[in-house]
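What the coordinates show
This is what each chain is made of:
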Amino acid sequence: MKPPHGVKRIPLFQKRLLNLYEQLSHNEITEHAGDELFRALLKFITAELSCRAGSLFILDKEDGSLIFKAIVGGDENLKGKRIEKGKGIVGMVAATQKCYVTGDVKKNAAWYGEISKRNNFKTEDMIACPIKHGESVIGVIEVLNKSRGTFGKKDRNKLISLAPHLAIFMKHIIDGLEQKRIIEFEDRLYKLSALLNSSLDTKTIARDAMKAIVALVNAEVGSLLLLDKEKQELYFEVALGGGEKALKEIRLKLGQGIAGWVAQNRQPVIVNDPSNDDRWLFKKSDDRSGIVTRNILCVPVMSGNQVIGVMQALNKKDGRFTLQDQELLTSLSDHVAIAIENARLHEELRRTFVEVVESLSEAIEKRDPYTGGHTKRVVEYSLILADEMGLASAEKENLKMAALLHDVGKIGVDDSVLRKPARLDDAEFNKMKEHPSIGADILGKVPEIKKIIPGILYHHEWYNGKGYPAGLSKDQVPIIARIISIADTYDAITSDRPYRKGLTHEYAVAELRRYKGTQFDPELVEYFIHAFERRGNRI
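Residues numbered from 1 in each chain as written. Predicted model: local features only at pLDDT ≥ 70, side-chain atom pairs only at ≥ 80, totals over all residues. Heavy atoms only, no water.

With respect to the sheet that holds strand E4 (residues 100–102)
Let me state the cut-off plainly: One bridge is not enough; two strands pair if DSSP finds at least two bridges between them. Secondary structure elements are taken from DSSP: a helix is a run of H or I of four residues or more, a strand is a run of E of two residues or more, and numbering for both begins at the N terminus.
Taken in spatial order, the six strands of this open sheet run E3-E2-E1-E6-E5-E4, and their pairing is antiparallel. The outermost strands of the open sheet, each flanked by one partner alone, are strand E3 (82–83) and E4.

See the structure below:
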């Protein structure tokens with residue numbers, strides 16, 4: 001049946017293409033689904049033109065190269081590889097925006113046969129057609145080796161008529177993937193921002209940041225090198241993707257290797273062929289990590305006008321790094337620098353605070369000539385127990401501070417009691433029992449250390465509720481107080497006193513076991529003893 005007058009008949013092969021796209025387009029657009037759709041479209045076209053092979057290329061707007069996106073009848077390993085701008089017949093077609101037919105590729109001066117040669121593929125004849133959206137070329141399709149005879153004008157016209165439909169489908173897929181990437185990118189960027197604000201530990205920030213950044217730029221490997229200001233050397237703080245232990249033994253002088261060059265010149269760089277770059281002098285990292293470096297994106301990490309390190313992304317998963325990747329990584333490096341500097345400042349303040357606390361505990365100990373080194377040993381024993389229990393680093397930090405200050409309240413105990421060279425009588429002991437409350441009262445005026453006050457106030461509470469000052473029992477007693485209680489008692493037994501010499505480790509262990517469940521948390525006692533046994537009863 002003929003179409004109504006004035007209505008143009010749609011060729012049957014175009015209808016079949018539309019039907020194919022209709023069937024495939026219901027799936028969610030993902031990288032994998034997009035690739036499958038590209039391949040299905042290419043397979044349809046090679047079948048329509050009765051040829052044995054074909055390739056579909058996407059144009060990289062940034063550098064003008066053509067990227068193999070789908071392959072039929074050839075080497076699938078070519079997918080993702082590139083043909084440089086203007087190179088070969090497909091490069092010529094992209095530049096001229098004109099369809100090209102040849103019955104013998106070897107007679108064409110533009111033919112670039114290296115790819116076919118490397119992949120043992122014999123190309124005889126071909127048609128290459130630009131895929132345009134509006135006035136812009138977005139890709140090229142080539143069909144190779146006509147099954148019977150050679151390609152002619154009819155084949156050329158057929159491919160030209162299919163190209164606009166293919167362009168619409170390709171643009172839809174490309175736009176869909178780009179939109180999905182934007183959504184994923186914004187989600188990852190939000191998560192990265194949350195990560196950078198969630199910790200004040202430099203190592204945690206560095207590792208979490210690099211994991212997020214590697215995902216954002218779609219790289220296989222990432223590393224952060226920080227600058228040792230004193231030695232003017234870069235060292236690996238984080239190296240994702242393998243060989244981290246070996247890499248952490250490597251140090252780079254400023255100017256050495258690509259990372260050293262970036263740090264010295266304070267400029268980002270993209271190196272898409274490291275083996276041919278003069279700056280790629282330090283190849284030990286590849287040897288030690290087992291990573292074959294195909295391409296590198298490296299940017300300086302700056303704090304103000306000072307370099308504090310460099311960030312590297314290696315091996316772009318979908319081709320090569322772009323200026324857009326460089327701009328993104330440079331922007332992210334600013335956020336990482338701020339987070340690292342904040343963490344360093346926090347660490348300096350923390351270290352200063354610890355030094356002040358240690359000085360204060362030493363000053364208190366000097367009032368009591370019989371307890372020299374007691375506080376340091378209680379800290380040490382407490383942390384041994386904490387490690388055995390697997391406490392988190394933040395809990396161990398609070399425990400350390402509480403153990404350092406657990407006897408700070410003795411500053412309020414009269415010298416006649418504190419320095420008495422004999423056992424205390426009941427009245428004197430009652431005075432001594434006030435020191436946890438005095439310590440908690442003194443430190444309660446410092447809001448920043450409120451977390452550690454329970455360890456100071458309750459370290460003389462008993463598991464059965466018969467301790468002081470509040471008569472708490474079992475889990476009512478904070479965990480850091482229960483730990484300090486064991487460490488404090490162990491040191492009291494094994495240290496010299498005015499009225500006796502220090503007793504043996506074995507005796508102290510027997511006493512701890514004797515009073516577990518009454519004075520001490522029974523589970524923690526066993527952790528404590530086991531920790532010593534694993535060390536051969538030595539620390």
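Quick notes on the sheet that holds strand E11 (residues 296–303)
We apply this condition: A fitted line through C-alpha atoms represents every axis, and for helices the fit uses only the stretch in contact; the resulting angles, taken between N-to-C directions, go from 0 to 180 degrees. In what follows, a contact means two residues having at least one pair of non-hydrogen atoms within 4.5 Å.
Read from one edge to the other, the open sheet built from six strands follows the order E9-E8-E7-E12-E11-E10, with strand pairing classed as antiparallel. Strands at the two margins of the open sheet, each flanked by one partner only, are strand E9 (251–253) and strand E10 (269–271). This sheet shows a mean twist of 25° between the axes of neighbouring strands, independent of strand direction. With eight bridges joining them, E11 and strand E12 (residues 306–316) adopt antiparallel strand pairing. Residue pairing in the sheet places Cys-298 in a bridge with Gln-312 of E12. Against the sheet, helix H8 (residues 257–265) makes contact with strand E7 (219–228), strand E8 (233–240), E9, E10, E11 and E12, and its axis sits at roughly 35° relative to E11, the strand it touches most. Docked against the sheet, helix H10 (residues 323–365) engages E7, E8, E10, E11 and E12, running at close to 40° with respect to E11.

Here we look at the pairing of E8
As a reminder of what qualifies: Relative accessibility decides the category of a residue: with a 1.4 Å probe and only protein chains considered, values under 20% of the type maximum give buried, values over 50% give exposed, and everything between is partly exposed.
Counting buried residues along E8, seven of its eight residues qualify, which places the element largely inside the surrounding structure. Taken together, the seven bridges between E7 and E8 define a ladder with antiparallel strand orientation. The residue bridging Ser-223 from the neighbouring strand is Ala-239, located in E8. Turn length for the E7-E8 hairpin, with the two strands adjacent in sequence and antiparallel, is four residues, and the turn residue Gln-232 shows positive phi of about 55°. Relative to E9, E8 is paired through three bridges, and the arrangement is antiparallel. Each residue of the ladder has a partner; that of Leu-234, found in E9, is Leu-252.

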